[in-house]
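Now for the letters of each chain:
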Amino acid sequence: MGYHKTYLDHFLKTQNFILRGDGPLPYDHRHYIAIMAAGRHQCSYLITLQKQEFLLQRGDPEWLKGLHHIPAKLRNLNDINKILAHRPWLLNKSHIEKLTKGKDSWSLAEVVHAIVILAHFHSLSSFVFSCGLNQELDQLASAGYQFVSDSTVTTKTNSNSKTKPKDIPIVETVEVPVWKSASTPPSPTEPEVGINTLMQRMKTLSEQQQECKPEELAKRFENIETQSAEIGAVGSEPQCAPADISCYVEDASFMYIDFAKRNDLHDITTFRVQDYSWDDHGYSLVNRLYNDVGNLLDDKFRTAYNLTYYTMGSRTDVDTTRFRRAIWYYIQCLFGIRHDDYDYGEINALLERTLKAFIKSATCYPDRVTKKDYDRVLREFHYSEKVHVNLMVLESRMQAELLYALRTVNRYMTN
Ligand SMILES: CC(C)C[C@H](N)C(=O)O
């Protein structure tokens, strides 16, 4: 994230606030919830870090043995954790009701705090995998390195040096290798649409600018949604999670399914942003229920959505808005979210199949994305630009999850 300093600043402020700032949940609970969230995507990197943070907050080490060792109140979060992570459209008021009523109940403020932590760590898992970090750190771990919560990597040699209990012993800091996309170009599997073509297409789109009827726009959205269901995820189905991850996961077989193939039993329709949007609804609700966190989230979303350096690979002075919008809206389309003023036809003009497959995997099946997939995509772009795309995956996905969650909380409160 260090490539994108303005964004990083907002990211850290928010993460710091939800884990360490004012809020209804006890600190150890916050880190445990983060572990449960990362567990849904088998993100060992985040799980390891959050376990350390949990212990630093004087969390009960017994809990780290798994879900069977935690209080019922926390365990009750399992349902909304898995639904939000994989099929957020299934969330309804009965889930919120179950948490807030009866024994071991949650206050609504606590529920919202938990939801924000869950969404943050689900989406951060997407980022970790899509940048190839999980794999990299697993390899370092098996080579005998330990990584600690400030993200530096240390060797194990001196880990029992005298330190205050709250300090983490840091011994030798090892530079984490950084992959440059240009250093070892992978053998191309499929020719990619080059940057020149992409720029040409963006130009044509802005020249064409025709008014489209609402029905036509709705049809274009549905086309993209149906086509997305035909795009397979990159990578192969992951193995069963190792015991030190699966102990934090319940109902591991519950995964993403394509929105277009959802079961109509639940009578789920497209989520229309004109009816419930972040700007007009979600933002103020989350602000009200949880210490103004909406302001931090809003700044972060806005920064990620608008971030640009006017570059594409080695080209400068390029207006990249259309390309970035196509990525942002494609991600939300995977969860059945439609922005009625966006022409989804642009997605097909600007995002080719391999890029769509990468984005879909990063968003919906992050644990399948490997460094190889990362290398193969966007070959003419710089490393920092690939990270930029992954930041959009993180933020657009997080916003999608929060939109569903907050709409449900609102329904619970109003009827
Ligand atoms: C994702 C990238 C193509 C973004 C581009 N480098 C920009 O500055 O807008």
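Shown above is the structure to which this text applies.
All residue numbers refer to position in the chain's written sequence, counted from 1. In keeping with the predicted nature of the model, local features appear solely for residues at pLDDT of at least 70, side-chain atom pairs appear and are counted solely at 80 or more, and the whole-chain, interface and lining totals rest on all residues. Only hydrogens and water are removed before side-chain values are computed, so all heavy atoms of the structure are retained for them.

*Asks:* Mind laying out the pattern of salt bridges, listing which residues take part and the relevant values?
*Replies:* Just to be clear on terms, a salt bridge is a Lys or Arg side-chain nitrogen sitting within 4 Å of an Asp or Glu carboxyl oxygen. Counting across every chain of the model gives 18 salt bridges. We note a salt bridge from arginine 20 to glutamate 53, for which the minimum N-O separation is 3.0 Å. In this pair, arginine 20 sits in helix α1 (residues 5–20) while glutamate 53 sits in helix α3 (residues 44–56), placing the two residues 33 residues apart along the sequence. Residue burial is assigned from relative accessible area. The probe radius is 1.4 Å, only protein chains are included, and a residue is buried under 20% of its type maximum, exposed over 50%, and partly exposed in between. Looking at arginine 20, the relative accessible area reads 40%, which means it is partly exposed. Looking at glutamate 53, the relative accessible area reads 9%, which means it is buried. Of the charged contacts, one joins arginine 322 and glutamate 346 as a salt bridge, the two residues approaching to 2.6 Å between their closest N and O atoms. With arginine 322 in helix α14 (residues 321–333) and glutamate 346 in helix α15 (residues 345–350), this pair connects stretches of sequence that are 24 residues apart. Glutamate 346 shares its class with arginine 322; the two are buried. Among the charged side chains, a network of salt bridges with common partners joins Glu216, Lys219, Arg220 and Asp343. Secondary structure elements are defined from DSSP: runs of H or I of at least 4 residues count as helices, runs of E of at least 2 residues count as strands, and each element is numbered from the N terminus.

*Asks:* I'd love a proper account of the site of the ligand, names of residues and values included.
*Replies:* Around the ligand, the structure places Thr308, Tyr309, Tyr310, Thr311, Thr320, Phe323, Arg324, Phe381, Glu385, His388 and Val389. Within 3.5 Å is the distance limit for a polar contact, defined as a pair of N or O atoms, with the added protein rule that one can donate a hydrogen and the other accept it, and that residues adjacent in sequence qualify only through two side-chain atoms. Contacts to the ligand include threonine 320, whose side-chain N or O atom sits 2.5 Å from an oxygen atom. Side-chain polar atom of glutamate 385 to a nitrogen atom of the ligand: 2.7 Å apart, as the coordinates give it. For the accessible areas, the method is Shrake-Rupley and the probe is 1.4 Å, while residue cover comes only from the protein chains on display. Starting from 290 Å² of accessible surface for the ligand in isolation, the protein chains cover 100%. The site holding the ligand turns out to be the largest cavity. If you tally residues by element for the shell around the ligand, the top one is helix α18 (residues 383–414), at three residues. One heavy atom within 4 Å of a molecule or strand makes the whole residue count as near it. Using a 1 Å grid laid over the protein atoms alone, points where a 1.4 Å probe fits but cannot get out form a cavity; open sets with protein on both sides within 12 Å along at least 5 of 7 lines form a pocket; any residue with an atom within 4 Å of a point counts as lining. Just a note on the criterion: a molecule sits in a pocket or cavity if more than half of its atoms are within 2 Å of the grid points.

*Asks:* Got a sec to walk through the side chain of histidine 95? Specific residues and values, please.
*Replies:* The residue histidine 95 is located in helix α6 (residues 93–100) in this model. Since its relative accessible area comes to 15%, histidine 95 is described here as buried. Here, two residues are considered to be in contact whenever any of their heavy atoms come within 4.5 Å of each other. When near neighbours in sequence (up to four residues on either side) are disregarded, histidine 95 contacts Ile80, Ile83 and Leu90.

*Asks:* Hey, could you go over the state of the cysteines for me, with residue numbers and the actual values?
*Replies:* Note that a disulfide, as used here, is simply two cysteine sulfur atoms within 2.5 Å. Scanning the model with the defined rule gives zero disulfides in all. Cysteine 212 takes part in no disulfide bond, and the closest cysteine sulfur, belonging to cysteine 333, lies 16 Å away.

*Asks:* Can you explain the packing of α3 against helix α7 (residues 108–130)? Please cite residues and give values.
*Replies:* Where α3 meets α7, the closest approach of the two axes is 9 Å, and the angle between their N-to-C directions is 125°. Between α3 and α7, the interaxial angle falls into the category oblique. Residues Tyr45, Leu46 and Gln50 of α3 lie in contact with α7, whose contacting residues are Phe121, Leu124, Ser125 and Val128. Here the nonpolar group is Ala, Val, Leu, Ile, Met, Phe, Trp, Tyr, Cys and Pro; Asp, Glu, Lys and Arg are the charged ones; every other residue, Gly included, is treated as polar. A per-class count over the contact of α3 with α7 returns five nonpolar, two polar and no charged. Axes here refer to lines fitted to C-alpha atoms; in helices the fit is confined to the stretch in contact. Angles between the N-to-C directions go from 0 to 180 degrees. Note on terminology: angles under 35 degrees are roughly parallel, angles over 145 are roughly antiparallel, angles of 65 to 115 are roughly perpendicular, and the others are oblique.

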